[in-house]
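An overview of the molecular structure
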Amino acid sequence: MKNILIVLGIILGIAVFAAKAGFLNNTKPKEEKKENQKIMDNKNVREIYFAGGCFWGTEHFFQQIRGVVGTEVGYANGNIKNPTYEQVVSHSTGFAETVKVKYDPEQVDVKLLIDLYFKTIDPTSVNKQGNDRGDQYRTGIYSTDKDTEAIVKEEVQKLAKNYGKPVVVETIALKNFYKAEDYHQDYLDKNPGGYCHIEPGLFEMAKNANPLPKAKYQKQDKKELKKELTSEQYRVTQENGTEMPFKNEYWNETREGIYVDITTGEPLFVSTDKFESGCGWPSFSKPITKKLINEKLDRSAGMDRVEVRSKTGDAHLGHVFTDGPTDKGGLRYCINSASLKFVPKAEMEKKGYGEYLPLLDKK
């Protein structure tokens with residue numbers, strides 16, 4: 001089928017190249033491509049090679065997956081140098097149509113790539129995928145290092161248990177790889193209606209297969225906060241209120257532990273930075289990190305003060321003054337108890353704050 005369409009594909013490809021604007025409907029935005037290039041330049045980008053039948057569809061499939069930062073179609077594991085498409089389809093060179101996949105391991109696990117690849121092929125079919133026949137359409141996953149090869153073999157063995165017939169996907173080292181002709185690169189981007197052996201719905205599945213992880217701490221809707229917080233906590237955090245001194249929960253709390261944003265659970269202060277200021281509110285010499293708070297000028301109540309708000313939750317916390325202990329930096333973060341939740345040291349690990357325990361070690 002692909003051989004019949006190849007001439008039309010070349011003509012369409014040339015037309016689209018000339019028009020340029022045709023790229024815009026289905027290609028990734030320029031900003032995303034620039035970001036991917038930045039990732040490739042600055043991170044430990046790895047590569048793996050997938051042969052899954054016609055490489056037009058296989059490349060387009062992998063381009064949808066978050067964490068894949070580059071692709072290239074070509075010919076792998078053959079017995080001549082610099083083969084042409086015509087030589088490959090002659091069945092005399094031993095090459096397989098293959099996609100080089102560059103991925104960022106910090107964004108996507110190679111095991112996920114392997115699992116998704118299996119959804120695009122019949123792994124029990126020999127030299128046949130979709131309407132395509134021939135040894136260039138065989139399936140295989142080719143690695144460039146021993147560690148990846150071991151992972152590939154293990155994952156394929158696991159997946160093979162789901163099939164009643166033998167799985168014939170090659171799991172070997174990459175012998176060689178030659179880039180295919182330019183008209184084959186990004187073929188389905190340039191020819192949206194072009195032939196593809198992969199069911200269209202799988203492309204959408206690939207887009208959603210590796211979503212961005214949800215932020216651990218998220219700002220909540222005010223309606224939800226009104227249900228969850230006490231009236232005092234809501235008044236302080238959402239309406240910039242101030243609680244009574246010496247009549248709040250943590251002004252004289254002396255136990256070791258961590259203080260978190262009552263609206264999000266995000267850590268803000270630790271007990272080792274808390275001190276007795278005599279003001280009647282919890283006082284800290286500094287937050288865990290300045291990245292967790294916003295400070296802005298507050299001219300309410302006829303005074304010039306610096307308000308402190310949590311950055312993620314945007315909750316009003318209190319104010320910061322310059323009358324703190326000089327040996328601790330000279331600042332006093334005067335914080336409302338109603339904007340905080342205290343987690344004792346003994347409960348920090350259980351409640352997900354174990355990574356902050358080292359901050360409680362007194363020097």
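You'll find the structure just up there.
In this report, we go over the structure that sits alongside the text. In this text the structure is predicted, and so the values were computed from the model without any measurement.

Overview of the pairing of strand E15 (residues 316–321)
Of all six residues making up E15, five are buried, and the element is well covered by its neighbours. The sheet contact formed by strand E14 (residues 305–310) and E15 spans four bridges and is antiparallel. Residue pairing across strands places Val306 opposite Val320, the latter belonging to E15. Two successive antiparallel strands, E14 and E15, enclose a turn made up of five residues, where Asp314 displays a positive phi of approximately 55°. Bridge count between E15 and strand E16 (residues 332–335): four bridges; the pairing is antiparallel. Its bridge partner lying in E16, Gly318 is registered against Ile335.

Observations concerning the environment of Arg133
Within the secondary structure, Arg133 sits in strand E5 (residues 132–133). Between the C-alpha atom of Arg133 and that of Gly53, which follows or precedes it by 80 residues, the distance is 8.7 Å. Those residues in contact with Arg133 that sit more than four places away from it in its chain are His91, Asn127 and Lys128. Within the local environment of Arg133, its side chain forms a polar contact with the backbone oxygen of Gly130, the two atoms lying 3.1 Å apart.

Points about unusual backbone geometry
One non-glycine residue, Asp186, lies in the positive phi region at around 50°. Of note, Asp186 is situated in the loop between strand E8 (177–179) and helix H7 (187–190). Exposure remark for Asp186: the relative accessible area of 31% places this residue in the partly exposed category. For Phe246, which is not a glycine, the phi torsion comes out positive at approximately 65°.

Describing helix H6 (residues 146–160)
Its 15 residues place the ends of H6 21 Å apart at the C-alpha level, agreeing with the 21 Å of an ideal helix rising 1.5 Å per residue. When H6 is considered as a whole, its buried residues turn out to be Thr148, Glu149, Val152, Glu155, Val156 and Leu159. Seen along its axis, H6 keeps its buried residues to an arc of 135°; they face one direction. Opposite the buried face of H6, by more than 90 degrees, sit the exposed residues Lys146, Asp147 and Gln157. The backbone nitrogen of Asp147 has a side-chain oxygen 3.2 Å away, supplied by the residue at the start of H6, namely Asp145.

Thresholds, definitions, all that
Residues numbered from 1 in each chain as written. Predicted model: local features only at pLDDT ≥ 70, side-chain atom pairs only at ≥ 80, totals over all residues. Heavy atoms only, no water. Buried < 20%, exposed > 50% of the residue type's maximum accessible area, 1.4 Å probe, protein only. Helix = DSSP H or I, 4+ residues; strand = E, 2+ residues; numbered from the N terminus. Pairing = 2+ DSSP bridges. Contact = heavy atoms within 4.5 Å. Polar contact = N/O pair within 3.5 Å; in protein donor to acceptor, adjacent residues only side chain to side chain. Expected span 1.5 Å × (residues − 1). Arc of directions from axis to C-beta.

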